[in-house]
Amino acid sequence: MADLSRYLPLSRRSDVDESGVTADRRAETAEVLTALAAVVRSCDGDAWASPTARPGWRVGDVASELVEDFGRTRTRRALDAAGRLARGGEARRLAELTRLAGPAEASGAIAARAGVVRDRPKPTDVVELDDAVVAALLIGDAVGVVVPLSPRASGAVALRRAAAAPTEIRAVISGHRLRATDAGWEFGHGSPLVDTAAGLLRFLTGIGDDAPRAPRDDEVPPAPQGA
């Protein structure tokens with residue numbers, strides 16, 4: 001089973017040539033956005049208005065926020081978030097949101113962004129991928145559709161979230177390896193905690209409360225030959 005750190009710079013591995021390692025997430029981000037656009041396109045009015053796991057937010061709100069954030073820099077987003085916190089936090093963000101007309105407009109905007117990300121000359125870091133993955137989980141769960149996430153996409157966001165986890169999540173994962181049972185990646189040190197990639201992401205992002213668990217016997221990978 002692959003350790004995700006082999007895909008990333010600044011890992012804790014022994015010194016090796018990392019010239020081929022990249023933090024560019026253009027391909028993964030474009031793939032998630034394309035898949036999400038297809039799911040949003042299939043939404044009817046009821047699905048568009050479905051509540052998500054984000055309290056007070058519906059599918060249309062999550063899609064609208066994702067699209068609204070496309071043109072903002074990381075610095076601008078941080079400043080806006082700080083300002084919203086001072087003025088009323090999450091409720092203020094929801095009240096100030098510029099909402100899209102419906103699934104067709106949202107799907108078109110998300111698909112167009114996928115093309116921009118795929119074709120842009122500048123690399124895309126994990127922040128934009130994180131936004132896409134979180135929206136895919138929220139919207140997919142709300143409408144009962146699995147938005148496909150590649151192992152590279154799910155693993156990169158899981159690693160980012162684990163590294164910056166709040167205290168209550170860090171208390172659960174500290175001293176453990178996190179292993180995705182369906183994606184072939186794991187990272188961390190210590191005894192393993194397992195779930196599907198989507199399950200781990202729901203926990204790490206705060207979308208869900210179900211913590212990863214110790215693996216069953218059939219989920220323990222076999223030891224390498226000769227070990």
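Calculation criteria
- Residues numbered from 1 in each chain as written.
- Predicted model: local features only at pLDDT ≥ 70, side-chain atom pairs only at ≥ 80, totals over all residues.
- Heavy atoms only, no water.
- Helix = DSSP H or I, 4+ residues; strand = E, 2+ residues; numbered from the N terminus.
- Expected span 1.5 Å × (residues − 1).
- Buried < 20%, exposed > 50% of the residue type's maximum accessible area, 1.4 Å probe, protein only.
- Arc of directions from axis to C-beta.
- Contact = heavy atoms within 4.5 Å.
- Core = buried A, V, L, I, M, F, W, Y, C linked by side-chain atoms within 4.5 Å.
- Salt bridge = Lys/Arg side-chain N within 4 Å of Asp/Glu carboxyl O.

Engineer: Quick question: what am I supposed to make of helix H6 (residues 103-119) here?
Structural biologist: At 3.6 residues per turn, the α-helix brings residues three or four places apart onto the same side. In a regular helix each residue adds 1.5 Å, so 17 residues correspond to 24 Å; H6 covers 24 Å between its end C-alpha atoms and thus fits that length. Among all positions in H6, only Pro-103, Ala-106, Ser-107, Ile-110, Arg-113, Ala-114 and Val-117 are buried. Here the buried residues of H6 occupy an arc of 130° about the axis, which is enough to place them on one side. Counted as exposed and oriented over 90 degrees from the buried face of H6: Ala-104 and Asp-119. In this structure, the buried side of H6 is in contact with helix H1 (26-41), helix H2 (45-48), helix H3 (59-68) and helix H7 (126-143).

Engineer: Can you walk me through the nonpolar core in this structure?
Structural biologist: One finds Leu-33, Leu-36, Ile-110, Leu-129, Ile-139, Trp-185 and Leu-204 to be the most contacted residues of the largest nonpolar core, which totals 54 residues. Among the elements that line this core, the one with the most residues is H7, at ten residues. Sequence-distant contacts of Ile-110, defined by excluding residues within four places in its chain, comprise Leu-33, Leu-36, Ala-37, Val-40, Leu-66, Val-67 and Phe-70.

Engineer: How should the pattern of salt bridges be read in this particular structure?
Structural biologist: Side chains that carry opposite charge are capable of pairing whenever their charged atoms lie near each other. Using the criterion set out here, one finds 15 salt bridges in the structure. Between Arg-93 and Glu-65 there is a salt bridge, with the nearest N and O atoms lying 3.1 Å from each other. Within this pair, whereas Arg-93 is found in helix H5 (residues 89-96), its partner Glu-65 is found in helix H3, the two being separated by 28 residues in sequence. A relative accessible area of 4% places Arg-93 in the buried class. Residue classification places Glu-65 among the buried residues on the basis of a relative accessible area of 13%. Note that Arg-93 is salt-bridged to Glu-68, the shortest N-O span being 2.5 Å. Highlighted residues: Arg-93 in helix H5 and Glu-68 in helix H3, separated in sequence by 25 residues.

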